[in-house]
Each structure stands twice: as C-alpha cells, then as structure tokens.
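Structural overview
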Amino acid sequence: LELNKYGSHGTMLDVSEFDINQLIKMTCLTFEGTCKAKRISFHLILAGKTLYVKADMSKIQQVVYNLIDNAIKFSHHDSEITIETTKKSEKVFVSVKDTGIGIPKEAQDKVFKRFYRVPSGNVHNVKGFGLGLSYARSIVELHGGEIRLTSKKNKGTLVEIIFKMEE
C-alpha cells in the first residue's frame with residue numbers, strides 16, 4: 001500500500017536535515033539479535049563524525065533498514081556486512097555490501113520490480129514479499145537520488161544509494 005503512494009501521484013515528504021551516520025548506527029542496533037544468531041558483524045566506514053543530508057528521515061531510515069535486512073538475510077553465518085558513507089562532488093553515497101549468496105546476473109534488473117524474488121534453491125525460510133528494493137528505489141528516486149546494485153553470484157551484493165547535497 002505504501003508503494004502505491006509513490007506512483008504518478010507522488011507523495012508528501014517530511015524533509016529535514018539529519019545525520020545519516022547516526023541514522024545508520026541506530027538502524028544497525030535494531031538487528032543486534034539477528035546478527036548475533038547468525039554471527040554476522042557490521043563494519044562501519046562512516047565519512048566524518050557526522051554527515052548531514054536533507055531528506056525525509058523516516059523514509060530514508062526504512063530504505064537503510066531494507067538494505068541491511070536484505071544483506072543479513074542473504075549472508076552466510078560468520079560473515080561481515082560493510083556499510084559505508086562518503087561525500088564526493090556534492091553527493092552523499094551510502095553503500096551496504098555483503099559477502100553472501102549474490103544475485104545472478106539475469107535477475108539483477110528484476111530485483112527492483114514489485115513482488116520479484118530471486119528464485120533460489122539454496123536459501124530456505126527467507127521471509128519477505130519482494131517489495132523491499134522496489135520501495136527503496138521509489139523512495140530514493142522521490143528524493144531525486146539514485147540506487148545502484150552490483151552483485152556476483154556466491155560472492156555478494158553491493159547496493160549504493162546516492163543523494164545530491166542540498167545547497
């Protein structure tokens with residue numbers, strides 16, 4: 001239902017300035033129990049002590065949550081997820097990288113479509129409806145940003161969101 005708001009009609013954004021680094025740290029804490037069970041650790045590489053962006057904080061938090069949740073779901077036990085923020089050329093980059101099962105090349109364009117789930121025989125009991133990346137793309141694009149995905153099967157996935165800095 002939330003995704004339907006972001007179609008041709010658009011939606012209202014509650015834009016404010018916030019520290020994306022702090023948002024990432026707080027979002028990582030919500031996964032503490034899940035990560036402990038799978039023995040997954042986070043490696044945070046954050047640009048400076050603070051990195052401010054102008055965006056709808058609650059919607060961006062949901063995007064970050066979805067990206068981290070996917071990284072955990074498709075990572076192996078005893079692995080690490082790297083989350084990085086950088087600022088280059090008036091843009092802020094946020095990336096989430098895992099060393100999990102990866103996404104086959106033929107499915108990479110499809111993962112941003114609603115309800116699409118990569119067919120996989122080696123992942124059992126992964127919950128979800130195939131909406132997380134579709135939602136993430138809609139929200140990021142609504143903010144005038146872009147989202148990119150690169151992945152290699154059995155090597156892992158990198159998802160990067162890019163925001164333009166506000167004047």
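Located above this text is the structure these notes cover.
A brief structural summary.

Reading the values: the criteria
- Residues numbered from 1 in each chain as written.
- Predicted model: local features only at pLDDT ≥ 70, side-chain atom pairs only at ≥ 80, totals over all residues.
- Heavy atoms only, no water.
- Buried < 20%, exposed > 50% of the residue type's maximum accessible area, 1.4 Å probe, protein only.
- Helix = DSSP H or I, 4+ residues; strand = E, 2+ residues; numbered from the N terminus.
- Arc of directions from axis to C-beta.
- Polar contact = N/O pair within 3.5 Å; in protein donor to acceptor, adjacent residues only side chain to side chain.
- Pairing = 2+ DSSP bridges.
- Axes fitted to C-alpha atoms, helices over the stretch in contact; angles between N-to-C directions.
- Parallel < 35°, antiparallel > 145°, perpendicular 65-115°, else oblique.
- Left-handed = near helix turned anticlockwise from the far one by under 90°.
- Contact = heavy atoms within 4.5 Å.
- Nonpolar A, V, L, I, M, F, W, Y, C, P; charged D, E, K, R; others polar.
- Core = buried A, V, L, I, M, F, W, Y, C linked by side-chain atoms within 4.5 Å.

Further remarks concern helix α1 (residues 20–29). Within the span of α1, buried status applies to I20, N21, L23, I24, T27 and C28. In a view along the axis of α1, the buried residues occupy a sector of 160 degrees, so they form one face of it. Measuring from the backbone nitrogen of N21 back to the side-chain oxygen at the start of α1 gives 3.0 Å, which picks out D19 as the cap.

What follows deals with the pairing of strand β7 (residues 156–164). Each regular strand shows side chains that alternate between the opposite faces of the sheet. Two strands pair when backbone bridges link them, and strand β5 (residues 91–97) and β7 are joined in this way by 7 bridges, in the antiparallel orientation. Directly across from V92, in β7, lies its bridge partner F163. With 7 bridges joining them, strand β6 (residues 146–152) and β7 adopt antiparallel strand pairing. Looking at β7, one finds that R148 is bridged to E160. The hairpin turn running from β6 into β7, its antiparallel successor, is 3 residues long, and N154 in that turn takes a positive phi close to 65 degrees.

Another aspect to go through is the packing of α1 against helix α3 (residues 57–73). Interhelical geometry of α1 versus α3 gives an angle of 50 degrees and a closest axis separation of 10 Å. The angle between α1 and α3 falls in the class oblique. As α1 packs across α3, the resulting crossing turns out to be right-handed. In contact with I20, L23, I24, T27 and C28 of α1, α3 contributes M57, I60, Q61, V64, Y65 and I68. Along the lines of polarity and charge, the residues of the contact of α1 with α3 split into 9 nonpolar, 2 polar and no charged.

Right, let's get into the nonpolar core. By size, the foremost hydrophobic cluster in this structure holds 38 residues, and its most contacted members are I20, I60, L67, I68, I147 and I161. Those elements giving two or more residues to this core turn out to be α1, β3 (52–56), α3, β4 (80–88), β5, α4 (132–142), β6 and β7. The element contributing the most residues to this core is α3, with 7 residues. Sequence-distant contacts of I147, defined by excluding residues within four places in its chain, comprise L67, F112, A136, R137, V140, V159, E160 and I161.

What follows concerns unusual backbone geometry. The phi torsion at R39 lies on the positive side, around 55 degrees, for a residue other than glycine. By the element assignment, R39 lies in the loop between α2 (32–38) and β2 (41–45). Look at D78: it is not a glycine, yet its phi comes out positive at around 55 degrees. The topology assignment puts D78 in the loop between α3 and β4.

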